[in-house]
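Single-letter residue listing:
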Amino acid sequence: MKTYYDPEDLKKFGDIKDFQPELGGKFFDYYGSVFKEGALTAREKSLIALAVSHAVQCPYCIEAYTEDTMEKGCDEEQMMEAVHVAAAIKSGAALVHGVQMMNKYKDLSM
Amino acid sequence: MAVLTHKSLAGQSHELSATDKQLKLLQQTDLPSFQTKLKETGLFPLTTVDLDVFQINMGKMCNQVCKHCHVDAGPDRREIMTRETMELCLEALDKTNCSTVDLTGGAPEMNPDFRWFVEQLSTRGVKVLVRCNLTIIVANKKYNDLPEFYKKYNVEVVSSLPYFTSSKTDAQRGDGVFDQSIKALKMLNHVGYGIEGSGYKLDLVYNPSGAFLPPDQASLQADFKKKLKDRFDIDFNELYAITNLPVSRYLEYLVASENYHGYMEKLVNAYNPAAAANVMCRSTISIGWDGYIFDCDFNQMLDLKVASNGSKHLSEFDLDALQNRDIIVNQHCYGCTAGAGSSCGGTTA
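Scoring rules and cut-offs
- Residues numbered from 1 in each chain as written.
- Chains lettered and ligands numbered in written order.
- Predicted model: local features only at pLDDT ≥ 70, side-chain atom pairs only at ≥ 80, totals over all residues.
- Helix = DSSP H or I, 4+ residues; strand = E, 2+ residues; numbered from the N terminus.
- Rg over C-alpha atoms; globule rule 2.2 N^0.38 Å.
- Buried ≥ 20, exposed ≤ 12 C-beta atoms within 10 Å, placed from the backbone.
- Contact = placed C-beta atoms within 7 Å.
- Nonpolar A, V, L, I, M, F, W, Y, C, P; charged D, E, K, R; others polar.
- Axes fitted to C-alpha atoms, helices over the stretch in contact; angles between N-to-C directions.
- Parallel < 35°, antiparallel > 145°, perpendicular 65-115°, else oblique.
- Pairing = 2+ DSSP bridges.
- Right-handed = clockwise from strand over helix to strand, strands pointing away.
- Arc of directions from axis to C-beta.

(A) Structural detail: the overall build of chain A. For chain A, the count of helices and strands is four helices and zero strands. Whereas a compact globule of 110 residues would reach a radius of gyration of roughly 13 Å, chain A reaches 19 Å, over 25% beyond that. Dimensions of chain A along its principal axes, counting C-alpha atoms only, are 60 × 35 × 35 Å. Within chain A, the fraction of its 110 residues that count as buried is 13%. Intrachain contacts of chain A at a sequence separation of at least 6 include 56% that bridge at least 24 residues.

(B) Inspection of the interface of chain B and chain A at higher detail. Facing 10 residues of chain B, the contacting portion of chain A comprises eight residues. Sort the elements by how many residues they give to the side of chain B that touches chain A and helix α9 (residues 217-232) of chain B lands first, with three residues. Considered class by class, the residues forming the side of chain B that touches chain A number five nonpolar, three polar and two charged.

(C) Spatial organisation of the packing of helix α7 (residues 166-173) of chain B against helix α8 (residues 177-190) of chain B. Residues and elements named next belong to chain B. Contact geometry for α7 and α8: axes closest at 8 Å, N-to-C directions at 105°. In terms of orientation, α7 lies roughly perpendicular with respect to α8. Taken together, the residues of α8 that come into contact with α7 (itself represented by Ser166, Thr169, Asp170 and Arg173) are Val177, Phe178, Asp179 and Ser181. Split by residue class, the contact of α7 with α8 holds two nonpolar, three polar and three charged.

(D) Spotlight on the pairing of strand β5 (residues 202-206) of chain B. Residues and elements named next belong to chain B. Among the five residues in β5, four count as buried, and that is most of the element. Alignment of strand β4 (residues 156-160) against β5, held across four bridges, turns out to be parallel. Among the inter-strand pairings, Ser159 is bridged to a residue of β5, identified as Leu204. Both β5 and strand β6 (residues 239-241) contribute to a ladder of three bridges, which runs parallel. Among the inter-strand pairings, Val205 is bridged to a residue of β6, identified as Tyr240. Considered for its hand, the β-α-β crossover made up of β5, α9 and β6 is right-handed.

(E) Highlighting the sheet that holds strand β2 (residues 100-104) of chain B. Strand order in the open sheet formed by eight strands is β6-β5-β4-β3-β2-β1-β7-β8 (chain B), and the pairing between neighbours is mixed. Each end of this open sheet is capped by a strand with a single partner; those strands are β6 and β8 (293-294) of chain B.

(F) Looking closely at α7(B). Residues and elements named next belong to chain B. Where α7 is concerned, the buried positions are Thr169, Asp170, Gln172 and Arg173. Down the axis, α7 shows its buried residues gathered within 165° of arc, on one side only. Summarising the contacts, the buried residues of α7 are in contact with α8. Gly174 sits one or two residues past α7 and shows a positive phi near 115°.

Structure below.
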């Protein structure tokens, strides 16, 4: 069955350079630098990436960073807490707009 | 006692308990051969350096049935080394300049001549280390004094602990193994093992509970030290991060969980020439329970005997022939050359 998302496509990510080598190359260099050990550890960055993957709901990223966090020594509890951080921000982002709704409600009400 | 959750592959008469079946599976691949990779990086044939580690597998008998075990060890295995073969080990060892004797199994302590053998080794001025699965110490009263025994002969203890939580540890090593391992670690600490300045070394071994590669060894060690101290007041010296090799039960796990191809691809993509140059088989020989000689414990479990004609068994031990041998390689060797490399002493690159 044809689907929009094919797990095999993740391996072809590097191929995006075929259509635009310069920008693709710059992206991958940047990407590589971002995930290096820095003020944050490679492990902390991997957990952030896992959380963001869920927030942006990217199946490729979720698969890649589930494996990556495991290979950085994280356990299932830490990984699920990272997902909850994403979920909390996502739900918080929806709910905080409730204030806007309340403001407008009050503007329109007697 | 650890709960026996399943039998060894041999006990199940599983197809993959046969070494020829494992080798056939490993060789049916579209991935580049390990030999080709070595050639591309100027390392073929893989040759020896000075022999330093004399590793002895004292038998396949074990009180645990870990899911990843490359030995296919378990309580249902009866193949163990006899005292006669141990005597041949001592004769051979005396002909070498090895600095280390590495005792492994199964659970080597279950061999009835284990203590006699350690006593004999202790007079030879070599470092003796035992790969202790921890739970054996609390499995039966007769093993409860093992920490004192190790201490008496200054044996280094190297023990597997896949993680500092029970879920990951028990998933790999069997129900209840984590709690018993913690109890055993406390007993080892109590007599001085793993305590800084005591001189009694206790190292831990991490290997992934699944189809993924190990984390960075140094950061994982820091994590293990903190978590084991904070949660259980346990001390240890070093942590070795080891990669699982596609042999025996781990190979069976990979196939059954449909992770085999992806895992092999991952190992091949992570090939590191620096790790390949430092693989431990170059300075090791591995002795089987029946006295046969191998390049490493993994080749032993695949029944790939050393390539030195006239010195394949302890009864015909010839150090020169062994020093001049080429090491036998196959697809499983990718496990020792991935990323930071892997050996019985952790990373190699």
